[in-house]
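# Structure at a glance
One-letter residues, chain by chain:
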Amino acid sequence: VVTHLSYDIGIFFEYIPIDHVGIKTKLRRSVVVQRTAFGSDYQNWTENLYENYSFILGPSLHLTARKQWDVVLTPEIGYAMAKYKATPVAAELISDYSGDGDRDVNGLIYGAELSLAVYFSGGFYLSLGGEWTTYSFDFSPGYKLTQNENSYLDGKNSTSMQTLNFIISAGYAF
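What counts and what doesn't
- Residues numbered from 1 in each chain as written.
- Predicted model: local features only at pLDDT ≥ 70, side-chain atom pairs only at ≥ 80, totals over all residues.
- Heavy atoms only, no water.
- Core = buried A, V, L, I, M, F, W, Y, C linked by side-chain atoms within 4.5 Å.
- Buried < 20%, exposed > 50% of the residue type's maximum accessible area, 1.4 Å probe, protein only.
- Helix = DSSP H or I, 4+ residues; strand = E, 2+ residues; numbered from the N terminus.
- pLDDT = per-residue confidence, 0-100.

Formed by 16 residues in total, the largest nonpolar core has its most connected members in Tyr50, Tyr84, Val105, Phe137 and Met161. Elements represented by at least two residues in this core include exactly strand S3 (46–62), strand S4 (69–85) and strand S8 (124–147). The element best represented in this core is S8, accounting for 5 residues.

Looking now at unusual backbone geometry. A positive phi angle, near 75°, is found at His20, a position not held by glycine. Summarising the element assignment, His20 is placed in the loop between strand S1 (2–18) and strand S2 (21–36). Given a relative accessible area of 35%, His20 falls into the partly exposed group. Phi at Arg66 is positive, roughly 60°, even though this residue is not glycine. As for its placement among the helices and strands, Arg66 is situated in the loop between S3 and S4.

Once that is clear, we can look at the confidence of the model for the protein. The predicted model of the protein averages 89 in pLDDT, with 94% of residues at 70 or higher. The weakest mean pLDDT in the protein belongs to strand S5 (residues 97–98) at 66; the strongest belongs to strand S7 (residues 107–119) at 96.

Quick look at the structure:
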């Protein structure tokens, strides 16, 4: 069994010029890890499938204005400077596997964030929610991976990947 785990860390800033509508920007580091789940009796492998640094921008739509809680929807679009490694665990496990899997895959990202924010006295706030993101990327040259004289991804040079992440954030509201 091969599983994938996505995690992000970053900072964001939001400016709300009018009630219910703001502009949110994010600087973020994202990683998608590919790992085996063979069980505790066997050796397992963990390798990075995808990693990026990204800049994201989007309008934030607030359900309430000046209350102690808020529900926020933020459609997002941005750009990621990234590295992609096709089938990193297979390269570790299969002895006659060949092909160069590392590629720079800078490209467009888009998605949406939905969160519940709670504001405390003094300006501190805590937010919990979820984020869906699609990473679109092209790579050159195309992939040609082989095993036992069989060819995989023969010349493929574009793809997309989607992640769904749980978000916890904290900060200070001016």
